[in-house]
Amino acid sequence: MNDPAIAPQSPLAEVQARIAQAAKIAQRRVDDITLIAVSKTHGADAILPLIHAGQRAFGENRVQEAQAKWPALREEYGDLALHLVGQLQSNKAEDAVALFDCIHSVDRPSLVAALAKAMDKSGRRVPCFVQVNIGAEEQKGGCDIAALPALLAEARSADLPVIGLMCVPPAGIEAAPFFALLDKLARDHGLAGRSMGMSDDFETAIMLGATHIRVGSALFGARG
Ligand SMILES: *Cc1c(COP(=O)(O)O)cnc(C)c1O
């Protein structure tokens, strides 16, 4: 009964093992894949066990919620990396640049301009992903595939540090073709980062080149 070999694994250890297995199959280095623990809606009580287990990258989808939660945790555990994975309003660009270490949701020229201005003003350069509306869905965040070259050109001329592309594929259908398409777009534009894969499909995303996976419910349980 006390055999450690059959002790139940923590959700984090289980996700880490699944990442390692997918990386091994894909002949990729685990170190080339960043696990972002998406802690939106969850409080410090749920986050602390992960920090204590060594998890360092966390994701939030709302600036205000992150502002309420993270400064105190940061104070205590300095070396955390905070990723913004949700849509960002231009009028929150300064707050986002001040708080986050990486922004995954750059999707329009006005936001490129607002972020570039905020970075110039603060002197803080925050790596960004350009989010692509990979399934061409109505009312979904992300820039249209057709608009991607122009948006990347604008980001370049504004000196925004774009490190890759991000997507959230359409719900309820096989994600693999969308991950493959994002990988191709990133390659076409010479970008190394691919932010793709969530609780239900991160192994598939790793097989198809994800460098950043954004995992919430597999680590924290279902959101209320
Ligand atoms: C909530 C969220 C995730 C995590 O989703 P899970 O299915 O809970 O793993 C990933 N990416 C984005 C953009 C999210 O909003």
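Please refer to the structure placed before this passage.
About the cut-offs
- Think of each chain on its own: its residues are numbered from 1, step by step along the sequence as written.
- The predicted origin of the model limits local features to residues at a pLDDT of at least 70 and limits the giving and counting of side-chain atom pairs to 80 or more, whereas totals for whole chains, interfaces and linings rest on all residues.
- The side-chain values count all of the structure's non-hydrogen atoms but skip hydrogen atoms and water molecules.
- Helix and strand assignments follow DSSP, with helices taken as H or I runs no shorter than four residues and strands as E runs no shorter than two, numbered in order from the N terminus.
- Both definitions apply: the radius of gyration is a C-alpha atom measure, and the globule rule equals 2.2 Å times residues to the power 0.38.
- Buried, partly exposed and exposed residues are distinguished by accessible area as a fraction of the type maximum, computed with a 1.4 Å probe on protein chains only: under 20%, between the cut-offs, and over 50%, respectively.
- In this description, contact between two residues means that some pair of their heavy atoms is separated by no more than 4.5 Å.
- The method behind every accessible area is Shrake-Rupley, applied with a 1.4 Å probe, and residues are considered shielded solely by the protein chains displayed.
- Any N or O atom pair separated by 3.5 Å or less is treated as a polar contact, with the protein-specific requirement of one donor-capable and one acceptor-capable atom, and with residues adjacent in sequence counted only for side-chain atom pairs.
- Counted as salt bridges are all cases of a side-chain nitrogen of Lys or Arg within 4 Å of a carboxyl oxygen of Asp or Glu.

For the chain, the count of helices and strands is 9 helices and 8 strands. For 224 residues, the compact-globule formula gives about 17 Å, and the C-alpha radius of gyration of the chain, at 17 Å, lands near that figure. Overall, the C-alpha framework of the chain stretches about 60 × 40 × 30 Å when taken along its three principal axes. Buried positions account for 48% of the 224 residues belonging to the chain. Pairs at least 24 apart in sequence give 59% of the contacts found in the chain among residues at least 6 apart. With the model as given, the accessible surface of the chain reaches about 11,100 Å², and the carbon-plus-sulfur share is 52%.

Moving on: the side chain of Arg74. Tracing the backbone through its elements, the reader meets Arg74 in helix H3 (residues 63–76). Within polar-contact distance, the side chain of Arg74 engages the side chain of Asp101 at 2.6 Å. Those residues in contact with Arg74 that lie beyond four places of it in its chain are Leu80, Leu82, Leu99 and Asp101.

A few words on the pattern of salt bridges. For the structure on display, the rule yields 14 salt bridges. Across the salt bridge formed by Glu60 and Lys69, the nearest N and O atoms sit 2.9 Å from each other. You'll find Glu60 and Lys69 in the same group, each marked buried. Salt bridges linked by common partners bring Glu60, Glu65 and Lys69 together as one network.

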